[in-house]
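Summary of the model geometry
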Amino acid sequence: MSDQVNRFLGDSLGRTIVKLIVVSLIVGFVMKIFGWRPMDLIENVRHFILDLWHTGFAALGSIGDYLILGATIVIPLFVLFRIFNYRR
């Protein structure tokens, strides 16, 4: 059981806890310097996802254009690679 926990954590339990404490202190210090709060970060992520959701549907209309543009390069290269590998 202990070996499975160590494998999951990537190190022993004690060392993992110490690493997490040190990283938490560093991240907390940086967040305090910049005046960031956890709720601000959550709200920013929420707004980012909502903006991406709203603008994402506009981008879906362009998928056909992207597909055709990409296919003009990808399909000929695919055919050429298949031809050259077929001779081997």
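Residues numbered from 1 in each chain as written. Predicted model: local features only at pLDDT ≥ 70, side-chain atom pairs only at ≥ 80, totals over all residues. Heavy atoms only, no water.

Burial runs low along helix H1 (residues 2-9): only zero of the eight residues are buried. The first or second residue beyond H1 is Gly10, which carries a positive phi of 90 degrees. (Buried < 20%, exposed > 50% of the residue type's maximum accessible area, 1.4 Å probe, protein only. Helix = DSSP H or I, 4+ residues; strand = E, 2+ residues; numbered from the N terminus.)

Before going further, it helps to spend a moment on a nonpolar patch on the surface. Residues Ile73, Val74, Ile75, Leu77, Phe78, Val79, Leu80, Phe81, Ile83 and Phe84 make up a contiguous nonpolar surface patch of about 990 Å² in total accessible area. Given the relative accessible area of 52%, Ile73 is considered exposed. (Patch = residues over 30% accessible without salt bridge, like charges linked within 9 Å, V, L, I, M, F, W, Y side chains within 5 Å. Areas by Shrake-Rupley, 256 points an atom, 1.4 Å probe, with all protein chains shown as cover. Salt bridge = Lys/Arg side-chain N within 4 Å of Asp/Glu carboxyl O.)

This part is about helix H2 (residues 13-34). Taking 1.5 Å per residue, 22 residues should reach 32 Å; H2 reaches 32 Å between its end C-alpha atoms and fits that length. One or two steps after H2, the chain reaches Gly35, where phi turns positive at roughly 75 degrees. (Expected span 1.5 Å × (residues − 1).)

This next bit is on the environment of Met39. Inspection of the secondary structure assignment puts Met39 in helix H3 (residues 38-60). Distance in space between the C-alpha atoms of Met39 and Asp3 is 37 Å, their sequence separation being 36 residues.

Further remarks concern the pattern of salt bridges. Inspection of every chain in the model, using the stated rule, returns four salt bridges. A salt bridge links Asp11 to Arg15; its shortest N-O distance comes to 3.6 Å. When its relative accessible area of 53% is taken as the criterion, Arg15 is described as exposed. With a closest N to O distance of 3.2 Å, Arg37 and Asp40 form a salt bridge. Given the relative accessible area of 52%, Arg37 is considered exposed. A single salt-bridge network, built from bridges that share partners, covers Asp11, Arg15 and Lys19.

Another aspect to go through is the packing of aromatic side chains. Applying the stated rule across the entire model yields one aromatic pair. Judged by centre distance (5.0 Å) and plane angle (20 degrees), the ring pair of Phe34 and Trp36 falls under stacked. Accessibility expressed as a relative area gives 54% for Phe34, which makes it exposed. (Phe/Tyr/Trp six-rings, centres within 6.5 Å; stacked < 30°, edge-to-face > 60°.)

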